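# Report on the structure
Each chain is listed here by its residues.
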Amino acid sequence: VSEDRERERRYRRLLKWYPAEFRRENGEELVAVLMEFEGAGQRQPSMDLIKSGLWLRLRPRVPRTVVPAVRAAVVLMYAGALISALGFIATVPSLRYFADTNHLSLLGHRQSLPITIVAGLLLGLILTGAWMWMARAVGEGRRGARVLATVLVAPATLHLFGLKGLIAVVFAMVTWLIGLSAVWLLWRPASRAFFDRDVAALAPRPSEASRESN
Amino acid sequence: MQEATFMILTALANGSQHGYGIITDVQEISGGRVRLRAGTLYTALDRLRGDELIEVDREEVVDGRLRRYYRLTPSGSKRLGAEATRLQSHAAVALQRLKFAGGSAL
């Protein structure tokens, strides 16, 4: 029995990888299923729960309840996240190149990592995270996210003027257009109504309430 | 439709089941080939509920633990039916062509 308790504790620790909302809704049920597996002598690997939990936290979510313009903006923002992630991945070879060339100059003094590479990597990560957060928050009707998205258009526009090289320009232009279109969609009359209404709708939505009572 | 999704919906096609029941049923239907893990199952269930292909049928407490039973919604039945028909027609064509080709593979 104490062994069972220890196993259950292990599973409950692993459930921390899941979003709190999911744990509230499905946590006890999932623990029960995991313990049924244990009863059948099939221990569930940690990786399965960690992967699933992370996926539920990070997966793109386009709520079906929101107005079409906001849905389109959410999709665009996930596209922005994807492009930023690609930008991040594109920076990695230059990091490897630097590591290789630095390795060759072992006898000489080592160079420190160029600031442009570090900045590129950091910016790629931050932008990916920001896009994903905005996409989700906008879908949830958070006004702050809409304001942030709008404000960010300004530095993105300024950024366009300082670019050199065709790839960098095309890359930045596409990202900029995506951001601009998303923001434009978020200020359409239908979207405005959605965001204005949502302040009152922080209480559970009627559709969810009716699902609970079923 | 992914195979795991197809199997989960199939497990629910003739009545409601709880999480572990779905897993053992899917294993049985597939002749032991598809073994769903708990995390994978609940990610799928979450998505299927969101898409309104399945819904919660009832809850029970067994040995002090929560069991939630799921069932297909009408649109879930429809989707599963459409997918099964599609697979059936593809499979029929494949088998027929193999037969014409000499049937040695069968």
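All of the points below concern the structure found in this document. Owing to the predicted nature of the structure, the values given are computational and were not obtained by experimental measurement.

Cut-offs used in this document
Residues numbered from 1 in each chain as written. Chains lettered and ligands numbered in written order. Predicted model: local features only at pLDDT ≥ 70, side-chain atom pairs only at ≥ 80, totals over all residues. Heavy atoms only, no water. Helix = DSSP H or I, 4+ residues; strand = E, 2+ residues; numbered from the N terminus. Contact = heavy atoms within 4.5 Å. Patch = residues over 30% accessible without salt bridge, like charges linked within 9 Å, V, L, I, M, F, W, Y side chains within 5 Å. Areas by Shrake-Rupley, 256 points an atom, 1.4 Å probe, with all protein chains shown as cover. Salt bridge = Lys/Arg side-chain N within 4 Å of Asp/Glu carboxyl O. Lys, Arg positive; Asp, Glu negative; His and termini not counted. Charge placed at Lys NZ, Arg CZ, Asp CG, Glu CD. Buried < 20%, exposed > 50% of the residue type's maximum accessible area, 1.4 Å probe, protein only. Buried area = accessible area lost by both parts, 1.4 Å probe. Polar contact = N/O pair within 3.5 Å; in protein donor to acceptor, adjacent residues only side chain to side chain. Phe/Tyr/Trp six-rings, centres within 6.5 Å; stacked < 30°, edge-to-face > 60°. Lys NZ or Arg CZ within 6 Å of the ring centre and 35° of its normal.

The subject of this paragraph is the side chain of A:Asn26. Mapped onto the elements of the fold, A:Asn26 is located in helix 2 (residues 20–39). Leaving out residues up to four positions away in the same chain, A:Asn26 has contacts with B:Asp46, B:Arg49, B:Arg68 and B:Tyr70.

Moving on to a positive patch on the surface. Residue and element names in this part refer to chain A. On the surface, Arg13, Lys16, Arg23, Arg24 and Arg57 cluster together to form a positively charged patch. Locating arginine 57 in the fold gives a position in helix 3 (residues 46–58). A relative accessible area of 38% means that arginine 57 is categorised as partly exposed.

It is common to give the size of an interface as the accessible area that goes away when the parts come together. Taken together, the contact pairs 27 residues of chain A with 22 residues of chain B. Here chain A and chain B share an interface that buries about 2,000 Å² over both sides, 48% of which is from carbon and sulfur atoms. Sorting the residues of chain A by area buried against chain B places A:Glu29, A:Glu36 and A:Arg64 first, and these three jointly supply 27% of that buried surface. Where chain A meets chain B, there are five salt bridges. For B:Arg65, the salt bridge is made with A:Glu8, and the minimal N-O distance between the two is 2.7 Å. At the junction of chain A with chain B, the criterion picks out 14 residue pairs in polar contact (both at pLDDT 80 or more).

A few words now on the packing of aromatic side chains. Throughout the structure, instances matching the rule amount to three aromatic pairs over all chains. Centre to centre, the rings of A:Phe194 and A:Phe195 are 5.3 Å apart; their planes meet at 75 degrees, and the pair counts as edge-to-face. The class of A:Phe195 is buried, set by a relative accessible area of 0%. Its guanidinium or amino end placed over the ring of A:Trp187, A:Arg146 lies 3.8 Å from that ring's centre, counting from NZ or CZ. Lying over the aromatic face of B:Tyr69, B:Arg58 brings its terminal NZ or CZ to 4.0 Å of the ring centre.

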